[in-house]
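Fold and geometry: a report
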Amino acid sequence: MNQVALITGASRGIGRGIALELAKLGFDLVVNYAGNEDAARATAKDCVATGTAVGKTIRTEICQADISLTADRSRLIDFTRSTYRRLDLLVNNAGVAPNVRADILEAGEESFDRLMNINVKGPYFLTQLAAKWMIEQTTSSRITHHASPRKIITISSISAYTASTNRGDYCIAKAALSMLTPLFASRLAEHGINVYEIRPGVIATDMTGPVKEKYDKLIADGLTPIQRWGTPEDIGRAVAAIAQDLLPFSTGEVLNVDGGFHLRRL
Ligand code: NAP
């Protein structure tokens with residue numbers, strides 16, 4: 001029986017990159033999305049083909065749910081439960097940038113509330129639901145700490161510790177999101193569930209499309225020691241490392257996948 005992963009925001013960008021890498025490992029997938037059904041279907045189809053290409057037979061299902069909404073989060077977990085009856089890996093990936101970048105002396109509450117609801121409240125309470133179900137599964141299958149741990153991975157950002165004064169709401173949301181991992185790692189270790197944070201740097205997706213030229217120049221000028229844009233595959237491969245149990249004695253860990261952006265240099 002295949003392991004099962006639920007990936008939020010997997011229709012496009014980083015989430016899609018994660019889905020494709022998990023498909024190669026033979027995971028059955030729930031591809032969550034907010035509104036872009038065509039993109040979600042394309043990801044689901046491409047994952048099956050990618051799995052097949054490496055000899056894995058997998059099942060993929062799409063599920064629309066806005067993770068900022070209580071009823072949608074419940075429906076997403078219920079869908080996963082009724083479809084697959086198990087959950088081995090939750091990837092909290094879905095997130096949004098502000099619609100308009102505004103100086104922190106001018107930025108409004110509407111954007112702040114939107115980002116806190118989608119980028120913090122959504123993953124926090126979705127993790128709560130997933131964790132309770134994972135505990136149930138662990139107890140019922142009498143899995144011990146020597147068995148493959150279930151896992152929760154949250155995609156935060158270098159914005160968790162980097163001040164960008166034209167998107168304070170995003171930075172504050174990602175800083176808050178970074179507390180999710182130590183909290184749930186501490187709480188869930190006794191149940192054999194490992195919890196990780198992946199902190200992407202500048203990744204080429206729709207989210208960074210509007211600021212492409214700005215980042216092209218910053219990268220060319222040496223923003224990151226590894227002088228290139230990151231890709232969704234870079235993040236997908238980091239998730240795959242965790243998903244295939246290469247870090248079994250680590251929990252609460254942060255993986256920087258940022259071309260070395262976080263290094264202090266002189
Ligand atoms: P993206 O290309 O804009 O894709 C966003 C994904 O999230 C889409 O699948 C979208 O679904 C989904 N989504 C948006 N709002 C949602 C909601 N309320 N409920 C459920 N799904 C929702 O973004 P990305 O660049 O891949 O970013 C993915 C994650 O990585 C985000 O958390 C982001 O903050 C983080 N990150 C990105 C970068 C970067 O440089 N790109 C850097 C650091 C961290 P639809 O297709 O249906 O709209």
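Let me begin by describing the structure that accompanies this report. (Residues numbered from 1 in each chain as written. Predicted model: local features only at pLDDT ≥ 70, side-chain atom pairs only at ≥ 80, totals over all residues. Heavy atoms only, no water.)

1. Some words on the site of the ligand
Rule in force here: A molecule or strand has a residue near it when one of that residue's heavy atoms lies within 4 Å. The definition of a polar contact used here is a pair of N or O atoms within 3.5 Å, where within protein one atom must be able to donate a hydrogen and the other to accept one, and adjacent residues in sequence count solely through side-chain atom pairs. Each accessible area is a Shrake-Rupley estimate made with a 1.4 Å probe; only the visible protein chains count as cover when residues are assessed.
Among the 32 residues in the neighbourhood of the ligand, the closest are listed as Ser11, Gly35, Asn93, Tyr170 and Thr205. A distance of 2.7 Å separates an oxygen atom of the ligand from a polar backbone atom of Gly35. Within the backbone of Asn36, one N or O atom sits 2.8 Å away from an oxygen atom of the ligand. In isolation the ligand has 910 Å² of accessible area, and contact with the protein removes 93% of it.

2. Some words on the pattern of salt bridges
Stated precisely, the cut-off is as follows: We define a salt bridge as a contact between a side-chain nitrogen of Lys or Arg and a carboxyl oxygen of Asp or Glu at a distance within 4 Å. Only protein chains enter the accessibility calculation, which uses a 1.4 Å probe. A residue is then buried if its area is under 20% of the maximum for its type, exposed if over 50%, and partly exposed in between.
The full count for this structure, using the stated rule, is 15 salt bridges. A salt bridge links Arg199 to Glu197; the shortest N-O distance between them is 2.7 Å. Arg199 gets classed as buried once you look at its relative accessible area, which sits at 16%. Classification of Glu197 as buried rests on a relative accessible area of 1%. For the salt bridge of Asp221 with Lys217, the shortest nitrogen-to-oxygen distance reads 2.8 Å. For the residue pair Asp221 and Lys217, the accessibility class agrees, reading exposed in each case.

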